[in-house]
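Below are the chains, spelled out letter by letter.
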Amino acid sequence: MTKPQIVWLRRDLRLADQPALHHAASLGPVIPVYVLDDERAGDHKLGAASRWWLHHSLASLAASLEKKGSRLILRRGPAPQVLAQLVDETGAGAVHALRHYEPWWRKAEDELAKLLEQSADLALHDGNYLRPPGSVTTGSGQPYKIYTPFAKALNEEMPPPEPLPEPPAIPAPDRWPDSDTLDDWRLLPTAPDWAGGMRKFWAVGEEAAHERLDWWKEHVADYGSSRNLPSDDRTSRFSPHLHWGELSPAQVWHSLCDTRGDGWQTFAKELMWRDYAQNVICQYPDYASSSYRKLDEKTLWRDPAKDPAAASDLEAWQQGCTGYPIVDAGMRQLWQVGWMHNRVRMITASFLVKHLLIDWRHGEQWFWDCLVDADYGNNGVNWQWIAGTGVDSNMFTRIMAPLTQSEKFAAQAYIRTYVPELAEFDDEAIHDPPDDRRGSYPVKRIGHREARERALAAYRKSRA
Ligand code: FAD
């Protein structure tokens, strides 16, 4: 009898262009498995918004598998041991999975390979990136550290392989192993249920991701001109679909590349940032928690654990109460829908690090908990880029002026949506309402000029 094949799913929750599933289905009966391994990632265990997304994505995947006569088996515990146990239970011939690059997943893959040594094969496939992370190298075979040459080299290797279709059939095993029920995992918030805004904003799952891709084909042409305008809301919003693997980058590339124009060219560069971030964490696995530029960080940052004023500033930033409308709109969007427009992510991150002089790791952790697209590589790389502490990053001394940014990128409608107490202000005043007309809206935590001087002084000291 043909041995069953286990497919270990993680951030690759799709049926189409899923090389692990595709390959397994061509070999014999398939047992698709998701293992909830909560403790593995240390201080990067799933955030609250990610758990919400994961619940709905798993429900959607299970429904798609059932339509094909298959099932999704759910287990909980340390993934390598759980999978090795499942191999014993089912007599599986192999475990198939897509390679993941977060340090805890790389470790889990190594552990699993050791545990399976005698009993079954571990077949690792590529498919979550345009090119396998680590494979794009300089002429001398070294990994790139800087985005621009990396993207140039990656572009020379494009297009990615043609996406695979859904397997026409997913053969079922004679006997299904036991499974947890998704509801028992309690991934959704209940008391209180804070996910109302996310339910309205998002449609989760592979089918929804493809509907969004169809919509985006009609809009990508304008990406170059509109991507920085939060009020227009004209970005793809693929990030959670790509992060959870409901959509593969190869599917995105091949669906859009024929549009050719400037919009596509700009969009392709953004997609490459995603590959770049993985390339960075392959080289520096602790990148989401360790700064890579030599600064005296004890001198640079105000520490919320020791300084009550810094603690109060951090809380005001998290709650969207800094007195800077564009910053507060972004932080409230994040809280309500689990996502924030890219331009506003840059403004809010810069504000935390430079205006409030708070260590970027506090921001990274807050985003990690609140984003439905919270991604170890993308989040760490972008925070270090903004903070000026990364291997490729903005200069610390380039300090974004939030009010200028708000006016330049016409954020008035965006502010009205997320800071409703300012809705009555006209287009000019809403970016920085006069103190005596703010009503319940707070005054600025710190003036821009004062914040800028404080940041530059602290930076000089930290380098001395
Ligand atoms: P689009 O503009 O439509 O771009 C298409 C895709 O390209 C995105 O879905 C994303 O996968 C990729 N992409 C775009 N910009 C970047 C970028 N700068 N870095 C890496 N990939 C990019 N993105 C995440 O996916 N997860 C995160 O945890 C995350 N944290 C961030 C933290 C900060 C401080 C900043 C400044 C940016 C962060 N980003 C993160 C990058 C970016 O803001 C989001 O990918 C983007 O806003 C998602 O919206 P979109 O899908 O509409 O993007």
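Residues numbered from 1 in each chain as written. Predicted model: local features only at pLDDT ≥ 70, side-chain atom pairs only at ≥ 80, totals over all residues. Heavy atoms only, no water.

1. Notes on the overall build of the protein chain
Per the secondary structure count, the protein chain includes 20 helices and 5 strands. Summarising its shape, the C-alpha atoms of the protein chain cover approximately 80 × 50 × 45 Å along the three principal directions. Looking at the protein chain as a whole, 57% of its 464 residues qualify as buried. Residue pairs at least 24 apart in sequence account for 79% of intrachain contacts in the protein chain once pairs closer than 6 positions are excluded. Roughly 19,900 Å² of accessible area belongs to the protein chain as shown, and the carbon and sulfur atoms make up 49% of that amount. Across the protein chain, the mean location of the 54 positive side-chain charges is 5 Å away from that of the 64 negative side-chain charges. (Helix = DSSP H or I, 4+ residues; strand = E, 2+ residues; numbered from the N terminus. Buried < 20%, exposed > 50% of the residue type's maximum accessible area, 1.4 Å probe, protein only. Contact = heavy atoms within 4.5 Å. Areas by Shrake-Rupley, 256 points an atom, 1.4 Å probe, with all protein chains shown as cover. Lys, Arg positive; Asp, Glu negative; His and termini not counted. Charge placed at Lys NZ, Arg CZ, Asp CG, Glu CD.)

2. Description of the sheet that holds strand S4 (residues 94-98)
Across the sheet, 5 strands lie side by side as S3-S2-S1-S4-S5; this open sheet has parallel pairing. Of all the strands in the sheet, the pair left with one neighbour each is strand S3 (73-76) and strand S5 (121-125). Across the sheet, the axes of successive neighbouring strands diverge by a mean angle of 30 degrees, strand direction being ignored. Bridge count between strand S1 (residues 5-9) and strand S2 (residues 30-36): 5 bridges; the pairing is parallel. Across the sheet, Ile6 pairs through a bridge with Ile31, a residue of S2. The sheet contacts of helix H2 (residues 48-67) involve S1, S2 and S3, and relative to S2 the element is tilted by about 170 degrees. (Pairing = 2+ DSSP bridges. Axes fitted to C-alpha atoms, helices over the stretch in contact; angles between N-to-C directions.)

3. Here's the deal with the nonpolar core
Residues Trp8, Phe267 and Trp317 are the most contacted members of the largest nonpolar core, which totals 146 residues. For this core, the element with the highest residue contribution is helix H11 (residues 262-283), accounting for 9 residues. Residue contacts for Trp317: discarding those within four places in its chain leaves Thr322, Val327, Met331, Thr348, Phe351, Leu352, Leu356, Gly363, Trp366, Phe367 and Trp383. (Core = buried A, V, L, I, M, F, W, Y, C linked by side-chain atoms within 4.5 Å.)

4. As for the site of the ligand
Not every one of the 27 residues close to the ligand is listed here, only the nearest: Tyr223, Thr235, Ser236, Arg237 and Asn342. Contact distances for the ligand include 3.4 Å between an oxygen atom and a side-chain N or O atom of Arg345. Here the ligand has 810 Å² of accessible area as a free molecule, and 98% of this is covered by the chains. When residues of the shell around the ligand are traced back to their parent elements, those giving at least two are helix H9 (239-243), H11, helix H15 (342-355) and helix H17 (376-387). The greatest single-element share of the shell around the ligand, amounting to 5 residues, is contributed by H11. (Near = heavy atom within 4 Å. Polar contact = N/O pair within 3.5 Å; in protein donor to acceptor, adjacent residues only side chain to side chain.)

5. Quick notes on the domain arrangement of the protein chain
For the protein chain, the domain assignment lists domain 1 (1-127), domain 2 (129-161 + 206-283) and domain 3 (297-463). The centre of domain 1, based on its C-alpha atoms, is set 38 Å off from the matching centre of domain 3. Across the contact, 14 residues belong to domain 1 and 10 residues belong to domain 3. Between domain 1 and domain 3, a total of about 890 Å² is buried, with carbon and sulfur atoms accounting for 56% of that surface. In terms of surface lost to domain 3, no three residues of domain 1 exceed His44, Ala49 and Ser50, which account for 45% of the buried area on that side. At the junction of domain 1 and domain 3, the tally comes to 0 salt bridges. If you look at where domain 1 meets domain 3, you find 5 residue pairs in polar contact (both at pLDDT 80 or more). Among the elements of the structure, H2 and helix H4 (103-116) are those that each provide at least two residues to the side of domain 1 that touches domain 3. The biggest single contributor to the side of domain 1 that touches domain 3 is H2, with 5 residues. Grouping the amino acids of the side of domain 1 that touches domain 3 by side-chain chemistry returns 7 nonpolar, 3 polar and 4 charged. (Domains from an automatic or database assignment. Buried area = accessible area lost by both parts, 1.4 Å probe. Salt bridge = Lys/Arg side-chain N within 4 Å of Asp/Glu carboxyl O. Nonpolar A, V, L, I, M, F, W, Y, C, P; charged D, E, K, R; others polar.)

6. Quick look at the packing of H15 against H17
Angle between the axes and distance between the axes: these two values describe a pair of packed helices. It is the contact of H15 with H17, at a shortest axis distance of 9 Å, that shows an interaxial angle of 55 degrees. Classed by the angle they form, the pair H15 and H17 counts as oblique. For the element pair H15 and H17, the recorded crossing hand is right-handed. Packed against H15, whose contacting residues are Met346, Ala349, Ser350, Leu352, Val353 and Lys354, the element H17 presents Trp383, Ile386 and Ala387 at the interface. Its residues placed into classes, the contact of H15 with H17 shows 7 nonpolar, 1 polar and 1 charged. (Parallel < 35°, antiparallel > 145°, perpendicular 65-115°, else oblique. Left-handed = near helix turned anticlockwise from the far one by under 90°.)

7. Concerning the pairing of S2
Walk down a regular strand and you will see the side chains alternate between the two sheet faces. The element S2 is largely enclosed, with a buried count of 7 among its 7 residues. Here S2 shows a buried face lined by Val30, Pro32, Tyr34 and Leu36 and a second buried face lined by Ile31, Val33 and Val35. Crossover handedness for the path S1 to helix H1 (residues 19-25) to S2: right-handed. Taken together, the 4 bridges between S2 and S3 define a ladder with parallel strand orientation. Counted as the bridge partner of Leu36 is Arg76 from S3. (Right-handed = clockwise from strand over helix to strand, strands pointing away.)

8. Considerations on the pairing of S1
Across the 5 residues that make up S1, a large majority, 5, are buried. Residue alternation in S1 divides its side chains into two sets, Gln5, Val7 and Leu9 and Ile6 and Trp8, and both sets are buried.

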